[in-house]
Amino acid sequence: MEQVGGCGGGCGCACASAEGGSRVADDGLCHDWTQAEVEALFALPFNDLMHAAQSLHREFHDANAVQVSTLLSIKTGACPEDCAYCPQSARHDTGLKAEKLMALDEVLVKAQQAKAAGASRFCMGAAWRSPKDRDLAEVNAMVGAVKALGLETCATLGMLTRAQAQSLKDAGLDYYNHNLDTSPEFYGEIISTRCYQDRLDTLAHVREVGMKTCCGGIVGMGETRADRAGFIRALANLPQHPDSVPINRLVRVAGTPLADERDLDAFEFVRTIAVARITMPTSMVRLSAGRESMSDELQALCFLAGANSIFHGDKLLTTGNADTESDRALFAKLGLKPLVAAADSDCAQAA
Ligand code: SAM
Ligand code: DTB
Ligand code: SF4
């Protein structure tokens with residue numbers, strides 16, 4: 001088999017660096033992928049790519065366990081940002097009804113339902129550029145109450161200062177989701193109201209206070225393969241690999257600038273998952289938005305490529321998700337089991 005290149009072999013795969021030496025950092029992982037190396041992974045024959053991804057996957061994870069999260073939009077719509085994909089931007093006429101921050105007791109009912117349906121993590125999303133301090137106090141109360149149900153907690157509230165990150169951490173938040181979304185080069189085509197560095201700064205604040213990061217992005221927005229490689233490279237070269245890496249396939253929403261975007265080729269989507277798995281071998285890779293329009297066979301290929309996390313529940317934030325009954329049937333057909341939350345890590349590492 002061709003060498004997949006780049007990691008020096010230290011992260012457990014069959015890679016050899018172009019220079020011949022080990023490039024493994026203190027955490028045993030590689031954070032210095034070149035664009036050429038990541039593009040070379042994308043260009044591998046499909047079977048070789050899948051083999052490399054599945055081999056690494058088995059080294060670091062239980063191959064048949066899938067982590068299950070449920071999303072809730074706790075504050076919907078009227079967002080001042082201009083993200084071209086997003087139905088919640090006030091700049092796009094998507095017909096979405098804006099709603100204010102949900103009450104704590106309503107959130108708790110949803111969290112209980114999610115737990116009963118098998119979720120181990122509950123992720124609360126708000127359509128904010130960044131939270132105001134009085135909003136954060138309410139979110140902190142939600143975090144504490146959801147955690148008390150025995151669920152892992154995750155939130156995605158926009159940009160955070162370090163003090164805001166600390167306050168969420170103190171409230172018991174386990175994960176903060178903040179996506180890079182795409183490559184640094186393509187980013188300006190999609191969002192103009194905040195820059196890549198703003199996102200990197202928020203991720204740094206989250207890491208600095210010791211919270212786990214959930215960071216990924218979207219494919220199928222009209223980007224090139226080089227952009228997809230640049231996006232994965234940006235994630236893999238972060239000072240710490242994100243604990244969770246959500247890979248979203250664009251959900252096209254009428255009224256957004258990307259409503260008429262062409263479908264991304266299904267194999268290219270699977271390749272993106274595989275390259276994420278190879279470059280970030282210990283991270284949980286989430287087959288995220290877009291599952292509603294995927295066949296069982298495509299989802300199975302994504303699991304084979306190393307995806308080991310999903311969003312479960314009828315809704316994502318504002319759009320539909322794969323039907324819960326279909327998920328149950330798919331897990332049964334594939335012999336997959338929901339991953340039970342570990343005390344301090346969601347990564348079922350073999351090593
Ligand atoms: N407002 C916060 C922010 O942007 O940081 C948090 C919520 S935002 C909806 C979270 C993520 O959802 C985005 O970064 C994007 O990756 C994803 N997302 C939003 N709309 C999407 C769509 N139509 N298709 C796929 N993913 C989408
Ligand atoms: C992520 O990367 N995907 C989720 C979660 N993080 C918050 C959100 C997907 C949103 C899809 C569009 C919607 O439902 O509004
Ligand atoms: Fe607002 Fe987040 Fe949607 Fe961007 S992705 S418009 S910041 S809710």
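Structural data are supplied above this passage.
A few points on the structure. As the structure is a computational prediction, the values presented were derived from the model and not from experiment.

Thresholds, definitions, all that
- Residues numbered from 1 in each chain as written.
- Chains lettered and ligands numbered in written order.
- Predicted model: local features only at pLDDT ≥ 70, side-chain atom pairs only at ≥ 80, totals over all residues.
- Heavy atoms only, no water.
- Helix = DSSP H or I, 4+ residues; strand = E, 2+ residues; numbered from the N terminus.
- Rg over C-alpha atoms; globule rule 2.2 N^0.38 Å.
- Buried < 20%, exposed > 50% of the residue type's maximum accessible area, 1.4 Å probe, protein only.
- Contact = heavy atoms within 4.5 Å.
- Areas by Shrake-Rupley, 256 points an atom, 1.4 Å probe, with all protein chains shown as cover.
- Axes fitted to C-alpha atoms, helices over the stretch in contact; angles between N-to-C directions.
- Parallel < 35°, antiparallel > 145°, perpendicular 65-115°, else oblique.
- Left-handed = near helix turned anticlockwise from the far one by under 90°.
- Nonpolar A, V, L, I, M, F, W, Y, C, P; charged D, E, K, R; others polar.
- 1 Å grid on protein atoms, 1.4 Å probe; cavity = no way out; pocket = protein on both sides within 12 Å on 5 of 7 lines; lining within 4 Å.
- Points joined across faces, edges and corners; volume = space filled by probe spheres on them.
- Near = heavy atom within 4 Å.
- Polar contact = N/O pair within 3.5 Å; in protein donor to acceptor, adjacent residues only side chain to side chain.
- Sits in = over half its atoms within 2 Å of the grid points.
- Core = buried A, V, L, I, M, F, W, Y, C linked by side-chain atoms within 4.5 Å.
- Expected span 1.5 Å × (residues − 1).
- Arc of directions from axis to C-beta.

All right, on to the overall build of the protein then. Counting its regular elements, the protein contains eleven helices and ten strands. Here the protein has a C-alpha radius of gyration of 19 Å; the compact-globule value for 351 residues is 20 Å, and the two agree. Its C-alpha atoms give the protein principal-axis dimensions of about 55 × 40 × 40 Å. A burial count over the protein gives 57% of its 351 residues as buried. In the protein, of all internal contacts separated by at least 6 residues, the share reaching a separation of at least 24 is 73%. Accessible surface, the protein as shown: approximately 14,000 Å² in total, 51% of it carbon and sulfur.

Bringing the packing of helix α4 (residues 133–148) against helix α5 (residues 162–171) into the picture now. At their nearest, the axes of α4 and α5 sit 8 Å apart, and the two run at 25 degrees to each other. With respect to each other, α4 and α5 are oriented roughly parallel. The way α4 lies across α5 gives a crossing that is right-handed. Residues D133, L136, V139, N140, V143 and G144 of α4 lie in contact with α5, whose contacting residues are Q164, S167, L168 and A171. Residues of the contact of α4 with α5, tallied by class, amount to five nonpolar, four polar and one charged.

This brings us to empty space enclosed by the protein. Counting across every chain of the model gives one cavity of 30 Å³ or more. Counted as a void, the largest cavity has a volume near 850 Å³. Taken together, 40 residues line the largest cavity, and the ones lying closest to its centre are Y85, C86, Q88, N179 and L317. Of the residues in the lining of the largest cavity, the class split is 21 nonpolar, twelve polar and seven charged.

Inspection of the region around ligand 2 gives 13 residues, with N179, N248, L317, T318 and T319 positioned closest. Interatomic distance of 3.1 Å between a side-chain N/O atom of N177 and a nitrogen atom of ligand 2. Here an oxygen atom of ligand 2 and a side-chain polar atom of N179 are 2.8 Å apart. Within the complex, the protein chains bury 89% of what would otherwise be the 410 Å² of accessible surface of ligand 2. Spatially, ligand 2 is embedded in the largest cavity. For the shell around ligand 2, a count of residues per class yields six nonpolar, seven polar and no charged.

Moving on, we come to the site of ligand 1. Near ligand 1 you find 17 residues, and of these Y85, T156, N179, D181 and V251 are the closest. Note that a nitrogen atom of ligand 1 is positioned 3.0 Å from one of the backbone N or O atoms of Y85. In the model, a nitrogen atom of ligand 1 is placed 3.3 Å from a nitrogen or oxygen of the W128 main chain. Relative to its unbound accessible surface of 560 Å², ligand 1 loses 91% to contact with the protein. Cavity membership is defined here by more than half of the atoms lying within 2 Å of grid points; on that basis ligand 1 lies in the largest cavity. Here the shell around ligand 1 is built from residues that sort into nine nonpolar, five polar and three charged.

Within the largest apolar cluster, 90 residues are counted, with the highest numbers of intra-cluster contacts made by I74, Y85, L157 and I247. Residue contributions to this core peak at seven residues, all from helix α9 (residues 266–279). Not counting residues up to four positions away in its chain, the partners in contact with L157 are I74, M124, A126, W128, R129, S130, P131, L136, V139, L168 and Y176. In this structure, C123, Y175, A289 and F311 belong to the second largest nonpolar core, which totals seven residues.

Relative to the assigned elements, C30 resides in the segment before α1 (35–42). Between the C-alpha atoms of C30 and S288, which are 258 residues apart in sequence, the distance is 24 Å.

Before going further, it helps to examine helix α3 (residues 104–116). Along its 13 residues, α3 runs 18 Å from first to last C-alpha, staying within 8% of the 18 Å computed at 1.5 Å per residue. Along α3, the residues classified as buried are V107, A111 and A114. In an axial view of α3, the angular spread of the buried residues amounts to 60 degrees, which keeps them on one side of the axis. Projecting away from the buried face of α3 at angles above 90 degrees are the exposed residues D105 and A116. Looking at the buried positions of α3, the neighbouring elements they touch are β1 (65–75), β2 (121–126) and α4. Once α3 ends, the next one or two residues include G118, with phi positive near 105 degrees.

Remember that the coordinates give geometry; whether it matters functionally is a separate question.
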